[in-house]
2 protein chains.
Amino acid sequence: MLTRKEEDYLETIYRLSQELESVGISDIARERGVTLPTVFSAVSRLKANGMISQTPYGKISLNPKGQKMAEEIYESHRVLRKFLQEVLGLSSEMAEENACRMEHGLNREAVRRLKLFIDMVQNCLSKENSCMEEFQGKART
Amino acid sequence: MLTRKEEDYLETIYRLSQELESVGISDIARERGVTLPTVFSAVSRLKANGMISQTPYGKISLNPKGQKMAEEIYESHRVLRKFLQEVLGLSSEMAEENACRMEHGLNREAVRRLKLFIDMVQNCLSKENSCMEEFQGKART
DNA sequence: TGATAATATTAGACGATTCTAACTTTGTCA
DNA sequence: TGACAAAGTTAGAATCGTCTAATATTATCA
């Protein structure tokens, strides 16, 4: 099982892989605001866990195992962020911060239900019902 | 600033203080499933931070600073747990587990909004609206 | 091509969090 | 009261996650 931090690095690698043509240790360090040796040691542990591969002095890629795990973590992140921002009405920045800190805490079943719940609120509630407006008024106070 | 683990121990001390007439290192160790020296070192750090006091070979009590902080953490825990159980419909055990892992991630503003949101769902939605029933049907699948 | 910049790696340190093993203090009850 | 049990403490080790400083490799460009 991965530690929280290892999951964080895995998720960062996943996100950078989607933005950049290749991901190196320095990309991760820049993104996370830590030093190169810190990333090097985290990456070493992820390699030892079989989550990622890296060519010597070279680029990092997700193994299938790591890809799957990163997708799950990122899914939790997205769902939480959406809930915090679109349902609770937090600012984009605050929703992101809170989602980052909570993302490792939700299990699959909770994510599944939260997703369904957001859909319900957005499809059903917002329209025909004054509750959300009232809530948003109070929340803004 | 406290680490996550330090916050966990502080919360445990807070909860045990409400259940027991006095709280010792062995009570905390039993509750958390760790050894006595582990608790001893955590308690030492909390003492160094001014969060708690302890008589030599004796009992532990929360200082005002620690009491305030523990109450905040426990509030996050309760609100999250309530949301997971009463709104999303997770089992009591699963709600508790998820709340434990997420409680350090929510800031005050998010807790405030989540509380208001739960009230809204329970006071307004449940009654006159079929959305919640529909959601609960899907969620149970 | 060769100097310099960028990147990756290694070495060594430190605090946090955990453990086991040994020891000390306190509490209990025969 | 004195022995044993329970609780607290100390010592020492391991791992994680971070750092700085030094070193090695790769890339770039004059």
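In the block above lies the structure referred to throughout.
Values in this document were obtained by computation on a predicted structure and should not be read as measured data.

Undergrad: Tell me about the pattern of salt bridges, and name the residues and values.
TA: Side chains that differ in sign of charge can pair as their charged atoms come close. All names here are of chain A. Following the criterion strictly, the structure yields 24 salt bridges over all chains and no others. The salt bridge partner of glutamate 75 is lysine 115, with a shortest N-O separation of 2.6 Å. Taken together, the positions of glutamate 75 in helix H4 (residues 64–87) and lysine 115 in helix H6 (residues 108–128) put the pair 40 residues apart, joining distant regions of the chain. Residue lysine 115 is classed as partly exposed on the basis of its relative accessible area of 38%. A salt bridge links arginine 112 to glutamate 109; its shortest N-O distance comes to 3.0 Å. With a gap of three residues between them, arginine 112 and glutamate 109 both fall in helix H6, about one helical turn apart. Given the relative accessible area of 22%, glutamate 109 is considered partly exposed. It is possible to trace a salt-bridge network through shared partners that takes in Glu11, Arg15, Arg81 and Glu96.

Undergrad: How would you explain the environment of Val111(A) if you had to name every residue and give the values?
TA: Residue and element names in this part refer to chain A. Inspection of the secondary structure assignment puts valine 111 in helix H6. Overall, valine 111 belongs to the buried group, its relative accessible area being 7%. Other than its neighbours up to four places away in sequence, valine 111 contacts Glu75, Ser76, Val79 and Leu106.

Undergrad: With reference to specific residues and values, describe the relation of the copies chain B and chain A.
TA: In the superposition of chain B on chain A (RMSD 0.1 Å, axial shift 0.0 Å), the rotation amounts to 180°. Here the transformation between the copies is reduced to the relation of a two-fold axis. Minimal C-alpha distance to the rotation axis in chain B is attained by Met102(B), lying at 2.4 Å.

Undergrad: I'd like to hear about the protein's contact with DNA strand D, residue by residue, with values.
TA: Within the structure, DNA strand D sits among 21 residues, and Thr3(A), Tyr9(A), Thr38(A), Arg45(A) and Ser26(B) are positioned closest to it. The sugar and phosphate moieties of DNA strand D supply 78% of its atoms located within 4 Å of the protein. Take Lys5(A): an N or O atom from its side chain is 3.2 Å from a phosphate oxygen of DNA strand D. Here Thr35(A) contributes a side-chain N or O atom positioned 3.0 Å from a phosphate oxygen of DNA strand D.

Undergrad: Describe in detail unusual backbone geometry, supporting the description with residues and values.
TA: All names here are of chain A. For tyrosine 57, which is not glycine, the phi torsion reads 55° and is therefore positive. Mapped onto the secondary structure, tyrosine 57 falls in the loop between strand E1 (52–54) and strand E2 (60–62). The exposure class assigned to tyrosine 57 is exposed, which follows from its relative accessible area of 90%.

Undergrad: Describe the interface of chain B and chain A, listing the residues and the values that go with them.
TA: With 34 residues of chain B in contact, the opposing surface of chain A contributes 34 residues. Of the roughly 3100 Å² buried between chain B and chain A on both sides combined, carbon and sulfur atoms contribute 67%. Linking chain B with chain A are zero salt bridges. At the junction of chain B with chain A, the criterion picks out 12 residue pairs in polar contact (both at pLDDT 80 or more). Breaking the side of chain B that touches chain A down by element, the ones donating at least two residues are helix H4 (64–87), helix H5 (92–102), helix H6 (108–128) and helix H7 (131–140) of chain B. In terms of residue count, H6(B) provides more of the side of chain B that touches chain A than any other element does, 12 residues in total. Considering only residue class, the side of chain B that touches chain A consists of 19 nonpolar, seven polar and eight charged.

Criteria and thresholds
- Residues numbered from 1 in each chain as written.
- Chains lettered and ligands numbered in written order.
- Predicted model: local features only at pLDDT ≥ 70, side-chain atom pairs only at ≥ 80, totals over all residues.
- Heavy atoms only, no water.
- Salt bridge = Lys/Arg side-chain N within 4 Å of Asp/Glu carboxyl O.
- Helix = DSSP H or I, 4+ residues; strand = E, 2+ residues; numbered from the N terminus.
- Buried < 20%, exposed > 50% of the residue type's maximum accessible area, 1.4 Å probe, protein only.
- Contact = heavy atoms within 4.5 Å.
- Least-squares fit on C-alpha atoms with pLDDT ≥ 70 in both.
- Near = heavy atom within 4 Å.
- Polar contact = N/O pair within 3.5 Å; in protein donor to acceptor, adjacent residues only side chain to side chain.
- Buried area = accessible area lost by both parts, 1.4 Å probe.
- Nonpolar A, V, L, I, M, F, W, Y, C, P; charged D, E, K, R; others polar.

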